[in-house]
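# Geometric and topological summary
The lines below spell out each chain.
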Amino acid sequence: MNIVIVGTGLIGGSIALALRSPKTRIIGVDAKQENLKKALELGIIDEAMPLEKTYGIADLIILSVPVNVTRDILPSILDSIQDNTTVIDTGSTKVGICEVVKSHPKRKNFVATHPMAGTEFSGPEAALKNLFNGKKTIICDKQLSCDSAVKQAEDFYNKLGMSILYMTSEEHDKHIAYVSHLTHVIAYALSLTVQEIEKNDKKNIFEMAGSGFASTVRIAKSSAAMWTPIFRQNSEYLIDSIDKYTAVLQQIKQLIKEDRNEELFDLLSEANKIKELLDNK
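Note that the coordinates shown come from a computational prediction; the quantities given were computed from them, not determined experimentally.

### Observations regarding the pattern of salt bridges
- Tallied over the full model, the rule gives 13 salt bridges.
- Measuring nitrogen to oxygen at the nearest pair gives 2.8 Å for the salt bridge that ties Asp-46 to Arg-20. Here Asp-46 is found in the loop between α2 (33–41) and β3 (47–48), whereas its partner Arg-20 is found in the loop between α1 (10–19) and β2 (25–29), with 26 residues between them in sequence.
- With relative accessibility at 36%, the residue Asp-46 sits in the partly exposed group.
- The partner of Lys-102 in a salt bridge is Glu-99, and the shortest N-O contact between them spans 2.9 Å.
- Look at Glu-99 and you get partly exposed, because its relative accessible area is 41%.

Put into structure tokens, the structure is as follows:
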């Protein structure tokens with residue numbers, strides 16, 4: 001089986017490591033030649049090839065590039081693939097990507113997906129064989145893909161050790177704005193806030209930072225090149241989530257400012273209930 005992975009960084013590289021087998025040929029495609037060189041050196045891919053040369057041999061094409069790049073290249077990929085080739089994307093937004101191919105004659109060959117896994121690191125060196133094991137992935141607008149393409153996507157994620165959720169692209173973008181994209185906004189904002197406050201004595205950040213701060217701000221190290229287009233493509237739902245989050249911050253601020261301790265206690269106790277939700281997921 002010939003699997004083409006477009007983007008050989010953290011996600012693409014981790015997919016390649018998880019899929020490697022004697023019966024699988026992993027072909028890497030990347031705009032950054034240094035990524036391809038490193039992926040070959042690390043044994044992540046079997047060979048590197050320009051994208052256009054893979055169309056005649058690819059059984060499965062996996063797009064693991066920033067969401068804006070996926071929107072740019074997906075239509076031309078569907079233009080060029082064989083009739084039995086399946087194309088899967090791994091992007092963190094879905095509506096914008098699905099929109100650009102909604103009327104494409106080979107839309108059925110495309111399966112819109114989002115594996116919910118990652119780290120704050122990037123590049124082939126960050127790839128992890130078991131990154132996806134035990135995690136969840138989302139398949140969107142299943143009815144718009146042909147049965148064979150959906151089956152191939154499901155088999156692919158089963159090999160990665162992931163469980164699968166199904167929803168529309170709109171549902172995905174709405175929910176992911178709260179559970180993922182807003183989290184990144186908060187981390188970036190916290191990083192900027194602390195750096196501004198401590199700009200004259202940044203040494204304090206490292207000497208005084210506890211585990212809570214470190215774990216919260218960790219994802220602010222995530223690639224700006226990846227997250228800027230995610231924020232732009234999911235702007236409607238993300239702005240709504242930021243507005244709601246800001247309102248809660250203002251509520252907490254007011255309770256502290258006015259020394260309304262019992263109400264503050266009740267509000268924080270309400271927030272504690274998230275533990276029950278997470279423990280039962």
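### Quick notes on the side chain of Glu-154
- Within the secondary structure layout, Glu-154 lies in helix α5 (residues 147–159).
- With no salt bridge to any partner, buried Glu-154 finds its closest opposite charge in Lys-142, at an N-O distance of 4.0 Å.

### Digging into the nonpolar core
- Grouped together as the largest cluster of nonpolar side chains are 31 residues, with contacts concentrated most on Val-6, Ile-61, Leu-74, Ile-77, Val-87 and Phe-110.
- Here this core takes four residues from helix α3 (residues 67–80), the largest share from any one element.
- For Ile-77, the residues in contact, after removing those within four places along its chain, are Leu-51, Tyr-55, Ile-61, Leu-63 and Val-87.
- In terms of nonpolar packing, the next biggest core, distinct from the first, is built from 29 residues, Leu-36, Leu-60, Ile-62 and Ile-139 among them.

### Here's the deal with the packing of helix α10 (residues 235–257) against helix α11 (residues 261–272)
- Two elements in contact, α10 and α11, have axes whose closest approach is 8 Å; the angle formed by their N-to-C orientations is 150°. Between α10 and α11, the crossing angle belongs to the class labelled roughly antiparallel. Crossing geometry of α10 relative to α11 is assigned as left-handed. Taking contact as the criterion, the partners of Gln-251, Ile-252, Leu-255 and Ile-256 in α10 are, on α11, Glu-263, Leu-264 and Leu-267.
- Looking at the contact of α10 with α11 residue by residue, the class counts come to five nonpolar, one polar and one charged.

### Observations regarding the pairing of β2
- Counting buried residues in β2 gives four out of five residues, a clear majority hidden from the surface.
- Where strand β1 (residues 2–6) and β2 come together, five bridges link them in parallel fashion. The residue of β2 that forms the bridge with Ile-5 is Gly-28.
- A crossover connection joins β1 to the parallel β2 through α1; in handedness this β-α-β unit is right-handed.
- Sheet analysis places β2 next to β3, joined by two bridges and oriented parallel. Its bridge partner lying in β3, Ile-27 is registered against Glu-47.
- At this point the chain moves from β2, through α2, to the parallel β3, and the crossover so formed is right-handed.

### Let's talk about a nonpolar patch on the surface
- Judged by side-chain polarity, Ile-274, Leu-277 and Leu-278 come together as a nonpolar surface patch covering roughly 310 Å² of accessible area.
- Along the chain, Ile-274 turns up in helix α12 (residues 274–279).
- With a relative accessible area of 45%, Ile-274 lands in the partly exposed category.

Quick notes on the rules
Residues numbered from 1 in each chain as written. Predicted model: local features only at pLDDT ≥ 70, side-chain atom pairs only at ≥ 80, totals over all residues. Heavy atoms only, no water. Salt bridge = Lys/Arg side-chain N within 4 Å of Asp/Glu carboxyl O. Helix = DSSP H or I, 4+ residues; strand = E, 2+ residues; numbered from the N terminus. Buried < 20%, exposed > 50% of the residue type's maximum accessible area, 1.4 Å probe, protein only. Lys, Arg positive; Asp, Glu negative; His and termini not counted. Core = buried A, V, L, I, M, F, W, Y, C linked by side-chain atoms within 4.5 Å. Contact = heavy atoms within 4.5 Å. Axes fitted to C-alpha atoms, helices over the stretch in contact; angles between N-to-C directions. Parallel < 35°, antiparallel > 145°, perpendicular 65-115°, else oblique. Left-handed = near helix turned anticlockwise from the far one by under 90°. Nonpolar A, V, L, I, M, F, W, Y, C, P; charged D, E, K, R; others polar. Pairing = 2+ DSSP bridges. Right-handed = clockwise from strand over helix to strand, strands pointing away. Patch = residues over 30% accessible without salt bridge, like charges linked within 9 Å, V, L, I, M, F, W, Y side chains within 5 Å. Areas by Shrake-Rupley, 256 points an atom, 1.4 Å probe, with all protein chains shown as cover.

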